[in-house]
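# Coordinate analysis (summary)
Single-letter residue listing:
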Amino acid sequence: MGKTLIEVAQQLSTPKTVQKTVSEKTKVIDETIPVPKVQLIYAFNGTGKTRLSLDFKQLIAPKEENEGEADQAELPRNKILYYNAFTEDLFYWDSHLAGYSDHKLKIQPNTYTDWLLTLLKDLGQDGNIVSYFQRYTSDKLTPHFSEDFAEVSFSLERGDNEQSGSIKISKGEESNFIWSVFYALLDQVISILNVDETEGREVRQFDDLEYVFIDDPVSSLDDNHLIEVAVNLAGLIKSSQSNLKFIITTHSPLFYNVLFNEFNNKTCYMLERFEDGSFALTEKHGDSNKRFSYHLHLLQTIEQAIADSKVERFHFTLLRNLYEKTASFLGYPKWSELLPDDKQLYYSRIINFTSHSTLSNEAVAEPTPQERATVKLLLDHLKNSHAFWQQEEQNA
C-alpha cells in the first residue's frame, strides 16, 4: 500500500527511530536519528514533485481557518521558503501586443512578492541578482530593476556605452533570472542565520525558518550551466551553520549526480507514483544511487539483458546511445571511432541498421544469435577499451 503526498511529507520531516543493540547489556534500545540537513529526491517528470513541495509547506506551516489573509500569507514564509513551478508563475510579461517594444517582466503583486521584493531591495541585492543571472547567460544581457522592484527590463550591452532597447528574453533565460532572484534570497538567508546571536542579525525575519524546499531549478539549463548551478548551490548550502534544513527534488540525473557527490552528509530518495495514485519514497543507499547517472543506467540495462539472455533489437539503440555519450565525453568527433579498429565500418553499419530500420519486414524484436553476440562483444569492447570503472569481485 502506497502513501499519500502528505504522508511522504511527514516522512521527510519526522526524525527516524531505529533500534540499537547495547553490547555491554545485550539489550536493544530505541535511538532517534534527527532529520538530516540535506535530503535529495530523484523523481521522473510528472511524478508529483511540485505537489509534494506544496503539501510539505502545508505540513510545516498550516493555515488556520480563523486567521486573517495577511496572517495566512506570512506564516508559511516564517517557517519554510520554497522554489517550484509556482514561483515562476509569479513572473509574467506585459508585451502581448504585436509590435510592442517596451518589454518588461512584471512580478505578480501579492503579500509574498511584496515582502520578497522589499526585502531584496532593502538588502541591496539587485547587483547580486544581475551577477548570478549573467553567470548562467551572458555578461552582455543585463536586467534593470524598476525603483520599486516590481518590474524588470532587459537590454544587451554593446561594450561602447550603448545598449539595446528593452528586449524580451527567452523562456530559458527567464527561468534563469527567476532562479537568480531566489538564489540571492537564499544567499542572504544563510548569511544572516549564520550569525549565532539573534540580536546581531541584520534582519530578524528568518529567526524561525526551518526548511528550504527547492524543486528542479535546472529545467532550462544546458549541461555546463546545470553543473555550475549544482556546484554553487551545494557550496552555499554547505556554508550554512544554522539548523536550517534543505530538501532538493529533481528529474535530472546529472543534477542529482553532481549534488550527490558534492554533499558528504545527506539522505537520498527516489519518489515513485503508482497507478492507484499513491506514492513511495524509497531511501537509496551507496551504490544504488549510481542508477541516476543515465549512461550507467544504460550500461546496467544492457548488461542485465545479456546476463538474462533477453537481448532484443532495441538494445542496439541503447548500445548506440551509450557509444554516443561516451564519445562525447571523451571528445571523439564520431562515436564509430570507439568501435574495434579492424571492423569499424562493419560494426557501425550493424548498429545503424538495427537501431534505425524502418521497413515493416525489418521490425523483428528477436535478434539472431550472431546479433546477440555482437551486442555483448561491443559492450565488452567499450568497457575494456575506454576506461569504464570495473568493480572487482570480492572473495567470500
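Residues numbered from 1 in each chain as written. Predicted model: local features only at pLDDT ≥ 70, side-chain atom pairs only at ≥ 80, totals over all residues. Heavy atoms only, no water.

### With respect to the side chain of Ser153
- Here Ser153 lies in strand β8 (residues 151–156).
- Take Ser153: its relative accessible area is 16%, and that puts it in the buried class.
- Setting aside residues no more than four positions away along its own chain, Ser153 makes contact with His103, Thr142, Pro143, His144 and Ser166. (Helix = DSSP H or I, 4+ residues; strand = E, 2+ residues; numbered from the N terminus. Buried < 20%, exposed > 50% of the residue type's maximum accessible area, 1.4 Å probe, protein only. Contact = heavy atoms within 4.5 Å.)

### A few points about empty space enclosed by the protein
- One pass over the full model with this rule turns up 1 cavity of 30 Å³ or more.
- Taken as a whole, the largest cavity holds about 60 Å³ of empty space.
- Together, Thr87, Leu90, Phe91, Tyr112, Thr113, Leu116, Ile178, Val181, Phe182 and Leu185 line the largest cavity.
- Taken together, the elements giving at least two residues each to the lining of the largest cavity come down to α5 (111–122) and α7 (171–193).
- With 4 residues, the single largest contributor to the lining of the largest cavity is α7.
- For the lining of the largest cavity, a count of residues per class yields 8 nonpolar, 2 polar and no charged. (1 Å grid on protein atoms, 1.4 Å probe; cavity = no way out; pocket = protein on both sides within 12 Å on 5 of 7 lines; lining within 4 Å. Points joined across faces, edges and corners; volume = space filled by probe spheres on them. Nonpolar A, V, L, I, M, F, W, Y, C, P; charged D, E, K, R; others polar.)

### A short note on the pattern of salt bridges
- One pass over the structure, following the stated rule, counts 11 salt bridges.
- Its salt-bridge partner being Glu210, residue Lys79 comes within 3.5 Å of it at the nearest N-O pair. Remark: Glu210 occurs in the loop between α7 and β9 (211–215) and Lys79 occurs in helix α3 (residues 69–79); sequence separation between them is 131 residues.
- Note that Arg204 is salt-bridged to Asp207, the shortest N-O span being 2.5 Å. (Salt bridge = Lys/Arg side-chain N within 4 Å of Asp/Glu carboxyl O.)

### Considering the nonpolar core
- Counting 64 residues, the largest nonpolar core has Leu40, Phe154, Phe177, Trp179, Leu186, Phe206 and Phe255 as the members making the most contacts within it.
- Counting residues per element, this core draws most heavily on α7, at 13 residues.
- Setting aside anything within four residues of it in sequence, one finds Leu40 in contact with Ile248, Tyr256, Leu259, Phe260, Phe263, Lys266, Thr267, Cys268 and Tyr269.
- Core analysis: the next-biggest nonpolar cluster, separate from the first, contains 21 residues, Ile302, Leu338, Leu379 and Leu382 among them. (Core = buried A, V, L, I, M, F, W, Y, C linked by side-chain atoms within 4.5 Å.)

### Here's the deal with the sheet that holds strand β12 (residues 279–284)
- Taken in spatial order, the 6 strands make up an open sheet running β4-β9-β10-β3-β11-β12, and their pairing is mixed. Lying at the two open borders of the sheet, with one neighbouring strand each, are β4 (80–83) and β12. Direction aside, the axes of adjacent strands within the sheet are offset by 20° on average.
- Judged from the 6 bridges that link them, strand β11 (residues 267–273) and β12 form a sheet pairing that is antiparallel. The partner of Leu271 across the bridge, within β12, is Leu281. (Pairing = 2+ DSSP bridges. Axes fitted to C-alpha atoms, helices over the stretch in contact; angles between N-to-C directions.)

### Structural notes on the packing of aromatic side chains
- For the coordinates displayed, the defined rule picks out 21 aromatic pairs.
- Ring geometry for Phe56 and Phe213: centres 5.7 Å apart, planes at 55°, overall tilted. On the criterion of sequence distance, the pair formed by Phe56 in helix α2 (residues 49–60) and Phe213 in strand β9 is long-range, its members being 157 residues apart. For the pair Phe56 and Phe213, a shared accessibility class is recorded, and that class is buried.
- Connected via pairs of aromatic rings, a cluster forms that spans Phe91, Trp93, Phe133, Phe145, Phe149, Phe154 and Phe177. (Phe/Tyr/Trp six-rings, centres within 6.5 Å; stacked < 30°, edge-to-face > 60°.)

### Regarding the sheet that holds strand β7 (residues 141–145)
- Spatially, the 4 strands line up as an open sheet ordered β5-β6-β8-β7, and their pairing is antiparallel. With partners counted over all chains shown, the strands left at the sheet margins are β5 (91–93) and β7, one partner each. Adjacent strand axes in the sheet meet at a mean angle of 30° when their direction is disregarded.
- Alignment of β5 against strand β6 (residues 105–107), held across 3 bridges, turns out to be antiparallel. From the neighbouring strand, Tyr92 faces β6, where its bridge partner is Lys106.
- Against the sheet, α7 makes contact with β5, β6, β7 and β8, and its axis sits at roughly 145° relative to β5, the strand it touches most.

### With respect to the pairing of β7
- The buried count for β7 comes to 4 of 5 residues, which makes it a mostly enclosed element.
- As judged from the 5 bridges shared by β7 and β8, these two strands associate in the antiparallel manner. Bridging across to β8, Thr142 finds its partner in Ser155.
- In textbook terms, the turn of a hairpin is the stretch between consecutive antiparallel strands, and for β7 and β8 this stretch comprises 5 residues, one of which, Phe149, has a positive phi near 65°.

### Observations concerning unusual backbone geometry
- At Phe149, a residue that is not glycine, the phi angle is positive and equals roughly 65°.
- Along the chain, Phe149 turns up in the loop between β7 and β8.
- Residue Phe149 is classed as buried on the basis of its relative accessible area of 6%.

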